[in-house]
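Structural overview
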Amino acid sequence: LLGELGRAGVRMAVCTKGLVGVARLILEAVGLRPHFLEVYGNVGNVYGHLPYDAALGAPSEEEARLLGSAAAADWTSKDELVARLRAQYGLNARAQACLVEDDPEEIHRARA
């Protein structure tokens, strides 16, 4: 399905309240990462920095690639991100964009 959507010109992105690095790692592990233009989510130590994290040291080049940049975290809500991406890609009609979501509150905000 994702391949068919991509071939039809559909641009897809992932937006998570979780960490970009974890989402990218999972998408790559199951072979789905190529279907998505970007992964948006939290980056850095947004959930805190524990002694374990400090003991790990600097990330490898591969880990740094997965972790994402500040641009991936430059959004405040999923509905705001969808609106920004719609504007970026010139999608004027609401029917030209879709949010797939399991949180009823996020769905409500996106519909408003």
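We now turn to the structure provided with this report. (Residues numbered from 1 in each chain as written. Predicted model: local features only at pLDDT ≥ 70, side-chain atom pairs only at ≥ 80, totals over all residues. Heavy atoms only, no water.)

**Details of the overall build of the protein chain**
- A tally of regular secondary structure across the protein chain gives six helices and two strands.
- Helices and strands appear in the protein chain in the N-to-C order α-β-α-β-α-α-α-α.
- Viewed in the frame of its principal axes, the protein chain has a C-alpha envelope of about 50 × 30 × 25 Å.
- Burial status across the protein chain gives 21% buried among its 112 residues.
- Here the protein chain has roughly 7,800 Å² of accessible surface; of this, 59% comes from carbon and sulfur atoms.
- Side-chain charges of the protein chain comprise 12 positive and 15 negative groups, with the mean position of each set lying 8 Å from the other. (Helix = DSSP H or I, 4+ residues; strand = E, 2+ residues; numbered from the N terminus. Buried < 20%, exposed > 50% of the residue type's maximum accessible area, 1.4 Å probe, protein only. Areas by Shrake-Rupley, 256 points an atom, 1.4 Å probe, with all protein chains shown as cover. Lys, Arg positive; Asp, Glu negative; His and termini not counted. Charge placed at Lys NZ, Arg CZ, Asp CG, Glu CD.)

**Section: a nonpolar patch on the surface**
- A cluster of nonpolar side chains, namely L19, V22, I26, V30, L32, V46 and Y47, defines an oily patch on the protein surface of about 630 Å² accessible area.
- Relative to the helices and strands, L32 is located in the loop between α2 (20–29) and β2 (38–42).
- By relative accessible area, which is 30% here, L32 ends up partly exposed. (Patch = residues over 30% accessible without salt bridge, like charges linked within 9 Å, V, L, I, M, F, W, Y side chains within 5 Å. Salt bridge = Lys/Arg side-chain N within 4 Å of Asp/Glu carboxyl O.)

**Describing α2**
- Buried residues of α2: V20, G21, A23, R24 and L27, and no others. Looking straight down α2, one finds its buried side chains confined to an arc of 165°; they lie on one side.
- Here the buried face of α2 lies against β1 (13–19), β2 and α4 (61–67).
- At the exit of α2 stands G31, carrying a positive phi of roughly 75°. (Arc of directions from axis to C-beta. Contact = heavy atoms within 4.5 Å.)

**What to know about the environment of E28**
- Secondary-structure assignment places E28 in helix α2.
- As for E28 and L66, which are separated by 38 residues in sequence, their C-alpha atoms are 9.6 Å apart.
- Discounting chain neighbours no more than four positions away, the residues touching E28 are R33, E62, R65 and L66.
- Among the polar contacts made by the side chain of E28, one reaches the side chain of R65 at a distance of 2.9 Å. (Polar contact = N/O pair within 3.5 Å; in protein donor to acceptor, adjacent residues only side chain to side chain.)

**Quick word on the nonpolar core**
- In terms of nonpolar packing, the biggest core is built from eight residues, these being M12, V14, V20, A23, L27, F36, V39 and A72.
- It is α2 that provides the largest number of residues to this core, a total of three residues. (Core = buried A, V, L, I, M, F, W, Y, C linked by side-chain atoms within 4.5 Å.)

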